[in-house]
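Secondary and tertiary structure notes
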Amino acid sequence: MDYKNFNTSENDLDRRIDKVIRNFLPGLPLSLVYKNIRNGFIKVNSRKTKENYRIQKNDVINIAAHLFLQSDDKKDSTKKAHPLDKKYIILQTPDLLFINKPYDLLVHGSETSLDQQVKDYYRENFTDQSLSFNPGPLHRLDRKTTGILTFSLSLKGARYFSENIKTHKIKKEYLAVLEGHLKDTLQMEDYISKGQETEYGFNRVKVSHTKEDENEKLALTRAIPLTQAYFNKVPVTLAKIFIESGRTHQIRSQCASRGYPLLGDTAYGGSKLTAFKQDFFLHARCLTFEPNLQPELPQKLQPELPQGLPPEITAPLPSEFENFLNYCGIKNYRL
């Protein structure tokens, strides 16, 4: 019998063979995956195995050639690939992909979502990297928020980013247009929970200054005013915003709770923004990375950032954001 042989990689380690095959041959139903493992049409290192076998280092998966025809026959032929527009790529390292997310693009939930576009991009460009790995976003951005969004390209990258975002070794910086003239820095510490859907279909969150329910999550945000201006007689502030947590609508809801909603964010009390394509302006501008320094080690032995990762990554403002700032006469602001 003719078999095709596939070398596993670090990204496949400790994954169950049935999960690897299911991802590798998406058109093959799970019941047939099990059947072909039992019948020896799917092997590991040329030996019969079990469906719960976990991939080990240097394993080679052997798959009977006829199974690829069965998988292709059962694929959804109507599903089209939506390749990622490379102009959105800020930086690609061996382990991480940084995207400058455009306005009004879903991260999840549709065939054209950014998540799906990155998966298609990975399949087209990293077919020799892993049999089972799927890239995914490592933090969140709302549909109408623009700026840096990070995707994993390996398990190593996913682990690094997730661990360091929790310990605040990775810091997020945003730019936002707030309604009102904010004069002093706002240091906000609140508890956020899911709120009620409004009559207009908005899904808002609830902000409490003290914890009232176990489902509420701590949200830490700092807003620093950069400059003030007017938009059609409405006072506005361009603010730099740092967050130490990643809650849904965190910046939008916390700023609004202090009387400074995002201009145009009518879900949280902002005045409607007219004459521009964006409903409001919130941009994830910058990510900074700090190595995990270990005081007990000399300088030359201190850990470095992962391969290809600089200390700072920035995302240029969308043209519509720039147009708004120019309209309001906001120029030469200092970050």
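Please read these numbers as outputs of a predicted model, since none were measured by experiment. (Residues numbered from 1 in each chain as written. Predicted model: local features only at pLDDT ≥ 70, side-chain atom pairs only at ≥ 80, totals over all residues. Heavy atoms only, no water.)

**What about the packing of aromatic side chains?**
What the rule picks out here adds up to 11 aromatic pairs. Pairing phenylalanine 98 with phenylalanine 289 gives two aromatic rings, centres 6.0 Å apart and planes at 75°, and the pair type is edge-to-face. Of this pair, phenylalanine 98 sits in strand 6 (residues 96-101) while phenylalanine 289 sits in strand 13 (residues 282-289), and the two are 191 residues apart along the sequence. A relative accessible area of 5% means that phenylalanine 289 is categorised as buried. The structure contains a cluster of three or more aromatic residues connected by ring pairs, namely Phe231, Phe276, Phe281, Phe321, Phe324 and Tyr327. (Phe/Tyr/Trp six-rings, centres within 6.5 Å; stacked < 30°, edge-to-face > 60°. Helix = DSSP H or I, 4+ residues; strand = E, 2+ residues; numbered from the N terminus. Buried < 20%, exposed > 50% of the residue type's maximum accessible area, 1.4 Å probe, protein only.)

**Things to note about helix 6 (residues 250-257)**
Along an α-helix, a turn takes 3.6 residues, which lines up residues three or four apart on a common side. The element helix 6 is extensively covered by neighbouring structure, given that seven of its eight residues are classed as buried. Among the residues of helix 6, Gln250, Ile251, Arg252, Ser253, Gln254, Cys255 and Ala256 are the ones counted as buried. Once helix 6 ends, the next one or two residues include glycine 259, with phi positive near 90°.

**A short note on the environment of leucine 114**
Tracing the backbone through its elements, the reader meets leucine 114 in helix 4 (residues 114-125). C-alpha of leucine 114 to C-alpha of isoleucine 99: the two residues are 15 residues apart in sequence and 9.3 Å apart in space. In this view, leucine 114 contacts Leu84, Ile99, Lys101, Leu105, Leu106, Val107, Leu149 and Phe151; residues no more than four positions away in its chain are not counted. (Contact = heavy atoms within 4.5 Å.)

**Observations regarding the pairing of strand 11 (residues 217-231)**
Direction of pairing for strand 11 relative to strand 12 (residues 234-243): antiparallel, over a ladder of 10 bridges. What sits directly across from alanine 229, in strand 12, is valine 236. Between strand 11 and strand 12, which pair antiparallel and follow one another directly, the connecting turn spans two residues, one of which, asparagine 232, has a positive phi of 50°. (Pairing = 2+ DSSP bridges.)

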